[in-house]
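Results of the structural survey
Residue strings, one per chain:
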Amino acid sequence: MRRRRVPLVALLIAAAVGSTLGAGPAGAARSKLSVAAAFYPVAFAAQRVGGARVDVTNLTPVGAEPHDLELDSDQLDRLLDAKVAFVLGSDFQPAVESAADRRDGPTVELLPELVDARGKKVADEGEGGLDPHVWLDPVLMSQLVGEVERGLAAADPRDSATYEKNAQALQDQLAALDARYRARLTGCARNLLVTSHEAFGYVASRYGLRQEGVAGISPDPEPDPKRLGELAQLARDHGVTTVFTEEAVSPRVAQTLARDAGGLETEVLSPLESLTTKERAAKAGYFTLMNANLDKIANALGCPPRS
Ligand SMILES: [Zn+2]
């Protein structure tokens with residue numbers, strides 16, 4: 001059941017190649033392309049681009065923190081058996097990435113292909129380690145979607161037109177999201193984002209904000225008291241109103257900081273690294289959470305109300 005029109009000769013060649021590879025007779029229902037995706041935003045992109053043609057496994061369970069994910073044997077099997085695997089690369093998830101090295105099939109590393117707001121390769125970033133949080137920037141997410149499309153098309157060239165169409169639709173939505181972020185984060189009273197872990201660096205540089213985190217680009221359960229003192233001072237100096245924390249991290253640190261800085265509010269942003277059980281139950285996904293983050297950031301920075 002092909003949805004694309006393909007010249008007869010191409011079908012005959014595909015059938016010949018298919019039977020050579022033992023893939024069954026032409027016209028038989030094809031099984032879905034099995035795809036392993038390292039964590040939520042990558043699985044989201046693979047699912048949207050692959051549509052009905054793919055069967056996507058997200059290797060990071062609901063509510064888990066992907067930075068230091070260890071794979072159980074079932075997840076490892078799925079990663080090894082998938083026709084194509086997508087990982088962020090550059091050691092964001094060392095255990096997942098070294099397991100992916102054992103695969104026979106192709107593994108696409110996404111990070112090395114992306115170019116940030118300053119026109120530099122994201123993976124060339126050196127100081128303090130590489131910032132993996134590209135999916136929180138709609139423009140970098142759009143590039144990531146393009147890489148996912150290329151990876152799926154290479155693994156399954158017969159469906160490349162479908163992947164291209166799906167990727168374009170998703171990239172159009174991401175362009176609209178970028179426009180919304182840009183419009184909403186213009187003319188704000190403040191530009192300093194204080195966060196529990198520095199997940200919003202690409203967002204900050206894309207939209208002219210500045211981010212200071214209690215922990216660095218990896219969440220850190222034991223923050224440095226000196227760092228907390230500096231941040232409390234910085235927050236007072238800049239009239240910060242809100243300390244951002246996140247669902248998967250204990251709010252204690254953000255609450256301490258908010259109190260030390262003179263009674264600030266705390267608010268939860270989603271780093272979108274995995275969906276929580278609550279978010280899943282509420283059918284939240286990439287766009288709902290990105291829009292919710294935008295509203296919370298805009299409120300905290302005193303941005304003009306939405307027109
Ligand atoms: Zn993170």
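1. Points about the overall build of the protein
The helix and strand tally for the protein stands at eleven helices and eight strands. Restricting to contacts in the protein with at least 6 residues of sequence separation, those with at least 24 account for 62%. For the protein, the exposed surface amounts to about 14800 Å²; the carbon and sulfur share of it is 52%.

2. Quick notes on the confidence of the model for the protein
Confidence in the prediction of the protein, expressed as mean pLDDT, is 87, and 87% of residues score 70 or more. Counting contacts from residues 1-9, a segment whose pLDDT is below 50, to residues more than four positions away or on other chains yields 13 contacts. Scored below 50 in pLDDT, residues 11-27 shows seven contacts in the model against residues more than four places distant or in partner chains.

3. A look at empty space enclosed by the protein
Evaluation of the coordinates by the stated rule reveals one cavity of 30 Å³ or more. As a volume, the largest cavity reaches approximately 50 Å³. Lining the largest cavity, in full, are Arg190, Leu192, Leu193, Val194, Val240, Thr241, Thr242, Phe244, Ala300 and Leu301. Contributions of two or more residues to the lining of the largest cavity are made by strand S5 (192-197) and strand S7 (242-245). Residue contributions to the lining of the largest cavity peak at three residues, all from S5. Among the residues forming the lining of the largest cavity, the class breakdown is seven nonpolar, two polar and one charged.

4. Notes on unusual backbone geometry
Unusually for a residue other than glycine, Ser90 sits at a positive phi of about 55°. Its location among the elements puts Ser90 in the loop between strand S3 (84-87) and helix H4 (94-100). The phi angle at Leu272 is positive, at roughly 55°, despite the residue not being glycine. As for its position among the elements, Leu272 is in the loop between strand S8 (265-268) and helix H10 (277-281). Assessed through its relative accessible area of 0%, Leu272 is described here as buried.

Criteria and thresholds
- Residues numbered from 1 in each chain as written.
- Predicted model: local features only at pLDDT ≥ 70, side-chain atom pairs only at ≥ 80, totals over all residues.
- Heavy atoms only, no water.
- Helix = DSSP H or I, 4+ residues; strand = E, 2+ residues; numbered from the N terminus.
- Contact = heavy atoms within 4.5 Å.
- Areas by Shrake-Rupley, 256 points an atom, 1.4 Å probe, with all protein chains shown as cover.
- pLDDT = per-residue confidence, 0-100.
- 1 Å grid on protein atoms, 1.4 Å probe; cavity = no way out; pocket = protein on both sides within 12 Å on 5 of 7 lines; lining within 4 Å.
- Points joined across faces, edges and corners; volume = space filled by probe spheres on them.
- Nonpolar A, V, L, I, M, F, W, Y, C, P; charged D, E, K, R; others polar.
- Buried < 20%, exposed > 50% of the residue type's maximum accessible area, 1.4 Å probe, protein only.

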